[in-house]
Amino acid sequence: MNKRKCYLFHEKNIPRRAKFPVVDAHNHLWGQWDKVDEIIAVMDELGVVSYCDLTADMTVEWGDGGYVFHQEDINRFLENCPAKYPGRFYGFTVAGFAKPVAEPLFTDHKKFVEESIELLNRRVEQGVRGLKVLKELGLHWRDGSGKLIPVDDERLFPIWEEAGKLGIPVLIHQSDPYGFFEPVTPENEHYENLKKYTSWSFADPKFPRKKELLERRDNLVRQHPNTTFILPHVGNFVENLAYVSEMLDSLPNACIDISARIDELGRQPYTSREFLIKYQDRVLFGTDMPVTREIYRCYFRFLETFDEYFDYPDYDGTFGGSRWMICGVGLPDDVLKKIYHGNALKIIPGLMEDVKNKI
């Protein structure tokens, strides 16, 4: 990517520490237990009081234009994180949704649902706080007959109902940035990402279209009003905040997080600021990126300041590959508190007890 130099002289107001305590409600350790001590050091320095490992019973390997995931023993997370640093980490489980995409998710749906519910209950007894469902549901996973399983497949409904009965939220990833569904050409604003991570492209007609994925997800949420759903990445349509607004208005049991989307929010700062203030009770903080001082401070800068034209971390946490520059939205203190930690305390069971001495 060729870039011209920018001769813009302006003040940089980069927070050294978050203005208020922060709960990173969307992240992944991916089994990197040797880095937990380093992560805690960064959290302490920057004011991050709690970190959620959404895939606490899963590891991932990067390569071949994407990633491959594997089931992990939940006890490794429990021993290396909550037990070692009480109150600083909480985890979600993927329950039965951990099959390689080359294999059927199930051949006997009744057995799969029964086993998933049993595992979900067992994980909650062990201390997990929610259910995480990967985007492979709706895009890749098929049943024993080879049919693609949509996210609102009625055969899976008992699992979402069980989460509601257990009082835990379901964070469900559906769809991806708009450009991931468009042809991989230099005109695509995500061209560099899609050339680097080829498995992120869903332009092939064999995949459902973005519109269908979101419609099915919204239908799922609507069908289970007693279950709380976290729809990550600003509902996965941050390019269209009018749609996300309509979705939140129509689905009172849904909330969103801002993880890995300050690039999109920051290129429309006026609309984003208005949106975040309007839905201040429905937005969670998250990064979905490696734990570094630079990444967290960029998120704080976006939320806390009115700084203009600054760089942001890309989806893999790297800087310097920006497609555009972003501006801060300078949120009021009362809104900041809710997004930084207040909303997570309402949604995540047991979290208030974890951080009561840190808020």
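Presented here is an overview of the structure given in this document.

Calculation criteria
Residues numbered from 1 in each chain as written. Predicted model: local features only at pLDDT ≥ 70, side-chain atom pairs only at ≥ 80, totals over all residues. Heavy atoms only, no water. Helix = DSSP H or I, 4+ residues; strand = E, 2+ residues; numbered from the N terminus. Buried < 20%, exposed > 50% of the residue type's maximum accessible area, 1.4 Å probe, protein only. Areas by Shrake-Rupley, 256 points an atom, 1.4 Å probe, with all protein chains shown as cover. Lys, Arg positive; Asp, Glu negative; His and termini not counted. Charge placed at Lys NZ, Arg CZ, Asp CG, Glu CD. Pairing = 2+ DSSP bridges. Contact = heavy atoms within 4.5 Å. Axes fitted to C-alpha atoms, helices over the stretch in contact; angles between N-to-C directions. Phe/Tyr/Trp six-rings, centres within 6.5 Å; stacked < 30°, edge-to-face > 60°. Lys NZ or Arg CZ within 6 Å of the ring centre and 35° of its normal. Polar contact = N/O pair within 3.5 Å; in protein donor to acceptor, adjacent residues only side chain to side chain. Core = buried A, V, L, I, M, F, W, Y, C linked by side-chain atoms within 4.5 Å. Expected span 1.5 Å × (residues − 1). Arc of directions from axis to C-beta. Bend = angle between axes of the 7 residues up to and from the residue. Left-handed = near helix turned anticlockwise from the far one by under 90°.

### What to know about the overall build of the protein
And step 1. Within the protein one finds 14 helices and 10 strands.
And step 2. Structurally, the protein occupies a C-alpha span of about 65 × 50 × 40 Å along its principal axes.
And step 3. For the protein, the proportion of its 359 residues judged to be buried stands at 57%.
And step 4. In the structure as shown, the protein presents an accessible area of about 15800 Å², 50% of it carried by carbon and sulfur atoms.
And step 5. Both charge centroids of the protein, one from 46 positive and one from 56 negative side chains, sit 2 Å from each other.

### Details of the sheet that holds strand 7 (residues 170-172)
And step 1. Reading across from one edge, 6-7-8-9-10 is the order of the five strands in this open sheet, with parallel pairing throughout. The sheet terminates laterally at strand 6 (131-133) and strand 10 (283-284), the two strands that pair on one side only.
And step 2. Where strand 8 (residues 229-231) meets strand 9 (residues 254-257), three bridges bridge the pair, whose relative direction is parallel. Counterpart to isoleucine 230 in the pairing with strand 9 is cysteine 255.
And step 3. Most of the contacts of helix 7 (residues 210-223) go to strand 8, to which it runs at about 160°, and overall it touches strand 7, strand 8 and strand 9.

### Some thoughts on the packing of aromatic side chains
Any two aromatic rings considered together are summarised by their centre-to-centre distance and by the angle between their planes.
And step 1. For the structure shown, the criterion picks out 24 aromatic pairs.
And step 2. Between tyrosine 197 and tryptophan 200, the ring centres sit 4.2 Å apart and the planes meet at 25°, which makes this aromatic pair stacked. Both residues of the pair, tyrosine 197 and tryptophan 200, belong to the buried class.
And step 3. Here the aromatic residues Phe69, Phe97, Phe106, Phe112, Trp141 and Trp160 are joined through ring pairs into a cluster of three or more.
And step 4. The positively charged end of arginine 267 is found above the aromatic ring belonging to tryptophan 324, 3.8 Å away from the centroid.
And step 5. Its guanidinium or amino end placed over the ring of phenylalanine 310, arginine 301 lies 4.2 Å from that ring's centre, counting from NZ or CZ.

### Thoughts on the side chain of asparagine 188
And step 1. Inspection of the secondary structure puts asparagine 188 in the loop between strand 7 and helix 6 (191-196).
And step 2. Note on asparagine 188: relative accessible area 8%, which makes it buried.
And step 3. Here proline 183 takes part through its backbone oxygen, which lies 3.1 Å from a polar atom of the side chain of asparagine 188.
And step 4. Separated by 2.9 Å, the side chain of asparagine 188 and the backbone nitrogen of histidine 190 make a polar contact.
And step 5. Ignoring sequence-local partners within four residues, the contact set of asparagine 188 consists of Gly179, Glu182, Pro183 and Leu194.

### Examining unusual backbone geometry
And step 1. Non-glycine residue histidine 233 carries a positive phi angle of around 60°.
And step 2. Structurally, the position occupied by histidine 233 is in helix 8 (residues 232-235).
And step 3. Even without a glycine there, the phi angle at alanine 260 is positive, about 55°.
And step 4. Along the chain, the position of alanine 260 falls in the loop between strand 9 and helix 10 (262-266).

### A short note on the nonpolar core
And step 1. Judged by nonpolar contacts, the single largest core of 105 residues is most densely connected at Phe89, Phe97, Leu137, Leu156, Trp160 and Phe285.
And step 2. Considering each element in turn, this core owes the most residues, seven residues, to helix 12 (residues 293-304).
And step 3. Ignoring anything within four residues of it in the chain, the contact list for leucine 156 reads Phe97, Phe106, Phe112, Val113, Leu137 and Ile149.
And step 4. Judged by nonpolar contacts, the second largest core, of 17 residues, contains Leu54, Phe92, Ala344 and Ile347.

### A few points about helix 7
And step 1. Taking 1.5 Å of rise per residue, the 14 residues of helix 7 would be expected to cover 20 Å, and the 20 Å separating its terminal C-alpha atoms lies within 8% of that figure.
And step 2. Among all positions of helix 7, only Lys210, Leu213, Leu214, Arg217, Asp218, Leu220 and Val221 are buried. In an axial view of helix 7, the angular spread of the buried residues amounts to 155°, which keeps them on one side of the axis.

### Describing helix 13 (residues 333-347)
And step 1. The end-to-end C-alpha distance of helix 13 is 20 Å, a good match for the 21 Å that 15 residues give at a rise of 1.5 Å each.
And step 2. Maximum bend of helix 13: about 55°, positioned at isoleucine 339.
And step 3. Within helix 13, burial applies to Val335, Leu336, Ile339, Tyr340, His341, Asn343, Ala344, Leu345 and Ile347.

### Let's talk about the pairing of strand 9
And step 1. Both faces of strand 9 are covered, namely the face carrying Ala254 and Ile256 and the face carrying Cys255 and Asp257.
And step 2. Sheet topology places strand 9 next to strand 10; two bridges connect them, and they run parallel. Bridge assignment links aspartate 257 to a residue of strand 10, and that residue is leucine 284.

### Observations concerning the packing of helix 1 (residues 36-46) against helix 12
Two packed helices can be described by the angle between their axes and the distance between those axes.
And step 1. Between helix 1 and helix 12, the least distance of the axes is 10 Å, while the angle of their chain directions is 35°. As for the relative orientation of helix 1 and helix 12, their crossing is right-handed in sense. For the pair helix 1 and helix 12, the contacting residues are Val42, Glu45 and Leu46 in the first and Arg293, Tyr296, Arg297 and Phe300 in the second.

### Some remarks on the environment of isoleucine 40
And step 1. Inspection of the secondary structure puts isoleucine 40 in helix 1.
And step 2. Owing to a relative accessible area of 6%, isoleucine 40 belongs among the buried residues under this scheme.
And step 3. Separated by 48 residues in sequence, isoleucine 40 and arginine 88 place their C-alpha atoms 8.2 Å apart.
And step 4. Setting aside its immediate chain neighbours within four residues, isoleucine 40 contacts Tyr85, Arg88 and Phe89.

Purely geometric numbers; function is a separate question.
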